[in-house]
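Structural overview for review
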Amino acid sequence: MTETISSFDAPAAVRAPGFWRGAGSIAALELRQRLRSRTLWVLAIVWFAIIGAVTVAMWATLSLSSTIYDEEFDAYPLFSIIVYFVLLFGTLVAPAISAGSISSERTGGTLATTQVTLVGTSSILFGKALAAWATGLAFLVVASPFVILSLVLARTGPLQLLTAVLALALQIGLFTAFGVGLSAMISSPLFAIVTAYLLVALLSIGTLIAFGLSLGVATRYTEVEYRTFSQEYWDAYWACDPDGEGAGVEVLACQEAVPVECVTETMVASSTPTDRFWWILAMNPYVIVADMVSVRVDDERGPEDLFSMVSYGVRTLQTADVDTYEYDDCPTRPPYVSNDSGQDPLAGTIPVWWIGLGLQVLIAGGLLWGGYRRLDTPAAKLPKGSRVA
């Protein structure tokens, strides 16, 4: 009998899953719960209809504009407009699908069930973020047909499409990381969602406000002297052609014979150090996407689409404003001469997308670390009114 009892094997020790396996299990469970909801499917259908309507409307607008001005139809701006519209939708949806993922379970008392399992805290946090990111990418997939259509209609290449999709995926991933971190830190689901929206708005609109205020505070106004042609010179110059009939031989000879007379005047000049504050705009998601895709600047027409306008504008802000003014047009003959040096405005500037993306990653990392400390068990101290089970 003793021998029979000793023949039973002791139960094998249960091993905790690794980080990636635990995160995958949490993400799969979260995605299955999301797919059971009809709200997600309805929202995807509505989003497909909206992006389709916007694409058709913008194509019709560009086509009508080219017809009115009797120009060749150019749909190149369509690609940047559609990608920006998808990014706008991502900024609206990402906080909603991520900022309540943990706080809602904490409020419902189901979070403790997951925390007592062998899945680690980091796996729970990363799994929730991965599921929210996958949900956001699903909406990107829904919009992809119209993004590809805009690419076909526009004068661009597949490389720009891949870069734009990568930029959108990264931004959606960071927005969902913001939401999951805040959801773990804040107990109230509503407050977590509102805070996530405020953070995204701070990066999208707040950076513009902060940049403008910084320039307003840092701008300096000084009086500078400059030499210019006197009023007597201009009176004699225009007296050579009183009727304004044109520059004939006699008129040109008369104007060349007018003696040059110079005067010194003063004016108030402003100096704005944009090279010290441009990095604030680098955190803007719209600047990051625009600068990642490309900078297309036509030699005659300048920037050709929204991406080029935004990226070109932010990069030129890196050039230091001239503090000393040497304005002297008096010796110039004829008076009207172009001062264009022909230099590349982007010379000496650097891409800004990797700086802004790095700053956003630091913000996301800080929020996830704060969420990890708040979510980790056993907790040394719980907020008043917290549900354990």
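Residues numbered from 1 in each chain as written. Predicted model: local features only at pLDDT ≥ 70, side-chain atom pairs only at ≥ 80, totals over all residues. Heavy atoms only, no water.

What follows covers the packing of helix 8 (residues 158-185) against helix 15 (residues 353-375). Contact geometry for helix 8 and helix 15: axes closest at 7 Å, N-to-C directions at 25°. Considered as vectors, helix 8 and helix 15 are oriented roughly parallel to each other. Once helix 8 is placed against helix 15, the crossing between them reads as left-handed. Across the interface between the two elements, Leu-170, Gln-171, Leu-174, Ala-177, Phe-178, Gly-181, Leu-182, Ala-184 and Met-185 from helix 8 touch Leu-357, Gln-360, Val-361, Ile-363, Ala-364, Leu-367, Leu-368, Gly-370, Gly-371 and Arg-374 from helix 15. (Axes fitted to C-alpha atoms, helices over the stretch in contact; angles between N-to-C directions. Helix = DSSP H or I, 4+ residues; strand = E, 2+ residues; numbered from the N terminus. Parallel < 35°, antiparallel > 145°, perpendicular 65-115°, else oblique. Left-handed = near helix turned anticlockwise from the far one by under 90°. Contact = heavy atoms within 4.5 Å.)

Taken from the UniProt record, the annotation "transmembrane region" (unreviewed entry) applies to residues 40-64, 76-97, 109-126, 132-154, 161-184, 190-218, 277-297 and 352-372. Secondary structure content for residues 109-126 is 61% helix and 0% strand, and the end C-alpha separation is 20 Å. Along residues 190-218 one finds 100% helix and 0% strand; the C-alpha atoms at either end are 38 Å apart. (UniProt positions renumbered as here; feature names shortened; annotations may be inferred.)

Looking now at a nonpolar patch on the surface. A cluster of nonpolar side chains, namely Phe-19, Trp-20, Phe-126 and Leu-130, defines an oily patch on the protein surface of about 390 Å² accessible area. Among the secondary structure elements, those contributing two or more residues to the nonpolar patch are helix 2 (19-36) and helix 7 (121-153). Taking the relative accessible area as the measure of exposure, Phe-126 reaches 32% and is therefore partly exposed. (Patch = residues over 30% accessible without salt bridge, like charges linked within 9 Å, V, L, I, M, F, W, Y side chains within 5 Å. Areas by Shrake-Rupley, 256 points an atom, 1.4 Å probe, with all protein chains shown as cover. Salt bridge = Lys/Arg side-chain N within 4 Å of Asp/Glu carboxyl O. Buried < 20%, exposed > 50% of the residue type's maximum accessible area, 1.4 Å probe, protein only.)

Another aspect to go through is the pattern of salt bridges. A full pass over the atoms with the stated rule returns 4 salt bridges. Note that Lys-128 is salt-bridged to Glu-105, the shortest N-O span being 2.5 Å. Here Glu-105 lies in helix 5 (residues 103-108) and Lys-128 lies in helix 7, a separation of 23 residues in the sequence. Each member of the pair, Lys-128 together with Glu-105, is buried. Residues Asp-291 and Arg-315 are paired through a salt bridge, measuring 2.9 Å at the closest nitrogen-oxygen approach. Here Arg-315 lies in helix 14 (residues 306-316) and Asp-291 lies in helix 13 (residues 285-293), a separation of 24 residues in the sequence. Taken as a pair, Asp-291 and Arg-315 share a single burial class, namely buried.

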